[in-house]
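Read off the chains here:
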Amino acid sequence: MIEGFTALYIFMLAAFTGYEVISRVPVILHTPLMSGSNFIHGIVVVGAMVALGHAETPVEMAIGFVAVLLAAGNAVGGYIATVRMLEMFQPKKGD
Amino acid sequence: MDLLIEIVYFISAAVFIIGLKQMSSPVTARQGIVWAGVAMVIATVATFGDPVVYSHGSINVILIVLAILVGSAIAYVTAKRVEMTDMPQMIAIYNGMGGGAAAAIAAVELVKVAAGGAAPGTTVLVLATLGAIIGAVSFSGSAIAFAKLQGLINKTMRLPMHMMINLLLFVGMLALGGIMAISGDINPTYLLIFFALTLIFGIMFTLPIGGADMPVVISLFNALTGLAVAFEGFVLQNAAMMIAGMVVGASGTLLTQLMSKAMNRPISNILFSSFGSADGSAADEEVEGSMKEVQAPDAAIMMAYASKVIIIPGYGMAVAQAQHKLAELTKVLEARGVEVKYAIHPVAGRMPGHMNVLLAEAGIDYDKIYDLEDINPEFPSAEVALVIGANDVVNPVARSNPDSPIYGMPILDADRAQNCIVIKRGRGAGFSGIENHLFYADNTQMLYGDGQKMIGELVAGVKSLG
């Protein structure tokens, strides 16, 4: 179990990590990076799966279904968008 | 099995951070997103090994698979098909989906309590409720941001007493959420009202914000979704969600700050007052001089015989899809020995780096692309500054008129170039509705027409000079 202060420590360390990782990014990568971090919070899909998994009533199942649907869209859409943007930065062969 | 899942989540969280780190350099960026993608797939597969997923029969499992397939398919097709120019609004919508998912997770947990299930501790309820608020606001707010960038909503909308209504909504949802979370007594009707309030607040919050400020708002919603995911991660005792969510929450907040700093407007100013509300004196001011029109062949000659040309692209270039033509223009000018540089304003386009992405797509080297601080000293030595589809970011009013809503915003000094050619579709004002004094300056000439077509004519003009 992750409780009280343990959770607070996790949040604090993760927050500093996020801040540090981003602080040295060139401007040209800001959009791909925003898109990339948009993909990373797509991890919400595992939470949505658990929520739908232990849903009991039809109402809970309906909401859970929406949760998984949206989360999967977040992850897949975020991934494709980021990859497409980063492809632009690949050195072109024969150039 | 539980241990295995924990290990997978642990590794995923670490890989997400490494991936994000790699995405901060052009050399390793692609590798970074691929790693993060692999981690995401493994985490998702591992979750199928979690007994909780099977705790209520196979119908739930079938629904999970179905939802993943449908959600992924829709996102896959839209993300593959969308034009590069429309990417910002797609990021907004995918981000909103994440926020909506986090809010829906909270909803499932809260509905369980409302139905008489065992109430979890107060901390869990408070974080679930906070995550619900943040996620739902990000969801409906992102939908509005999408609609604005897609052109479905053109005007900034303000109701009478808009701020007052927002404040009431805000206090209302916090109070209702707070009472439910702390008392642990959740009434289904109140829960419904609570979610309605949060969704309406997201809409009302975003509606009055102008399209030019959307990058900052999307970035803010991105950070908010991260935060919501982190909180729901605590509710579900999932460390991977907690870490990944909080990392995004923090980095997104920093990115939002960087952006509003580039616009020299405090974030509170962007969020709580739209451009239109501050006009009055600025709009009434007389503009000296008149707009002079130039034809493409003449403009082409000016550029062909220049030694240095600085090109300033803006959102209009993205709309006109003119980046490929620009690459061609760069090539023919360089063949004649003209030095071509690109000046990118930090908030040009609808996202930071938006222009860079489009220019890279057209194959323009990024060593030709300069930031505001690096290029501004060079304008006086450039014979021609070519402005295509940019407006507010080259408006000298930002330097000279303290009454102007954009006063103080750093701008590209196109007016200090020896000549300035502005490609513009029509005579109207920019996104902010502010008159641009650059267009009336003595050394400015206007080239009216569609960006792509006009650049094409410039290319033809330069080529015809042999």
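Scroll up a little and you will see the structure.
Conventions used here
Throughout, residues of each chain are indexed from 1 in the direction in which the sequence is written. Lettering for chains starts from A, numbering for ligands starts from 1, and both go in the order in which the items are written. Only residues with pLDDT of at least 70 are given local features in this predicted model, and only at 80 or more are side-chain atom pairs given and counted; all residues enter the totals for whole chains, interfaces and linings. Excluding hydrogens and water, the side-chain figures rest on all heavy atoms present in the structure. DSSP bridges decide pairing: two strands pair if at least two such bridges lie between them. Under the DSSP-based scheme used, a helix requires at least four consecutive residues in state H or I and a strand at least two consecutive residues in state E, with every element numbered from the N terminus. A fitted line through C-alpha atoms represents every axis, and for helices the fit uses only the stretch in contact; the resulting angles, taken between N-to-C directions, go from 0 to 180 degrees. Two residues form a contact once any of their heavy atoms are found within 4.5 Å. A pairing counts as a salt bridge when a side-chain nitrogen of Lys or Arg comes within 4 Å of a carboxyl oxygen of Asp or Glu. Only protein chains enter the accessibility calculation, which uses a 1.4 Å probe. A residue is then buried if its area is under 20% of the maximum for its type, exposed if over 50%, and partly exposed in between. Two parts placed together each lose some accessible area under a 1.4 Å probe, and adding up what both lose gives the buried area. Two N or O atoms count as a polar contact when they lie within 3.5 Å, although within protein this holds only if one can serve as hydrogen donor and the other as acceptor, and sequence-adjacent residues are included solely when both atoms are side-chain atoms.

Draft legend 1. Looking closely at the sheet that holds strand 4 (residues 384-388) of chain B. All names here are of chain B. Spatial ordering of the open sheet is given by 3-2-1-4-5-6, a layout of 6 strands whose pairing is parallel. Both edges of this open sheet fall to strand 3 (369-371) and strand 6 (444-448), since each of them pairs with a single strand only. With direction set aside, neighbouring strand axes in the sheet form an average angle of 25°. Across the face of the sheet, helix 12 (residues 296-304) comes into contact with strand 1 (308-313), strand 4, strand 5 (419-424) and strand 6 while running at roughly 140° to strand 5. Against the sheet, helix 15 (residues 354-361) touches strand 1, strand 2 (339-344) and strand 3, its axis set at about 145° to strand 2.

Draft legend 2. Spatial organisation of the pattern of salt bridges. Residues and elements named next belong to chain B. All chains considered together, the criterion is met by 14 salt bridges over all chains. With a shortest N-O distance of 3.5 Å, Lys-341 and Glu-339 are connected by a salt bridge. Classification of Glu-339 by relative accessible area gives partly exposed; the value is 37%. With its nearest N and O atoms 2.5 Å apart, the salt bridge here joins Arg-399 to Asp-413. In this pair, Arg-399 sits in helix 17 (residues 397-400) while Asp-413 sits in the loop between helix 17 and strand 5, placing the two residues 14 residues apart along the sequence. With relative accessibility at 32%, the residue Arg-399 sits in the partly exposed group. Look at the salt bridges and you will find they share partners, linking Lys-308, Glu-339, Lys-341 and Glu-378 into a network.

Draft legend 3. Expanded view of the interface of chain A and chain B. Between chain A and chain B, the contact holds 77 residues from the first and 100 residues from the second. Regarding the contact of chain A and chain B, the summed buried area is about 8000 Å², with carbon and sulfur atoms giving 79% of it. Where chain A touches chain B, the interface holds 3 salt bridges. When the shortest N-O distance is used, the salt bridge between Lys-112 of chain B and Glu-60 of chain A registers 3.1 Å. For the pair chain A and chain B, the interface holds 18 residue pairs in polar contact (both at pLDDT 80 or more). For the side of chain A that touches chain B, the secondary-structure elements that each account for two or more residues are helix 1 (4-22), helix 2 (30-40), helix 3 (44-53) and helix 4 (58-87) of chain A. Considering each element in turn, the side of chain A that touches chain B owes the most residues, 25 residues, to helix 4 of chain A.

Draft legend 4. Main features of the side chain of Thr-82 of chain A. Take Thr-82 of chain A: it is sitting in helix 4. Note on Thr-82 of chain A: relative accessible area 0%, which makes it buried. For Thr-82 of chain A, the residues in contact, after removing those within four places along its chain, are Pro-32, Ser-35 and Gly-36 of chain A together with Met-23 and Ile-33 of chain B.

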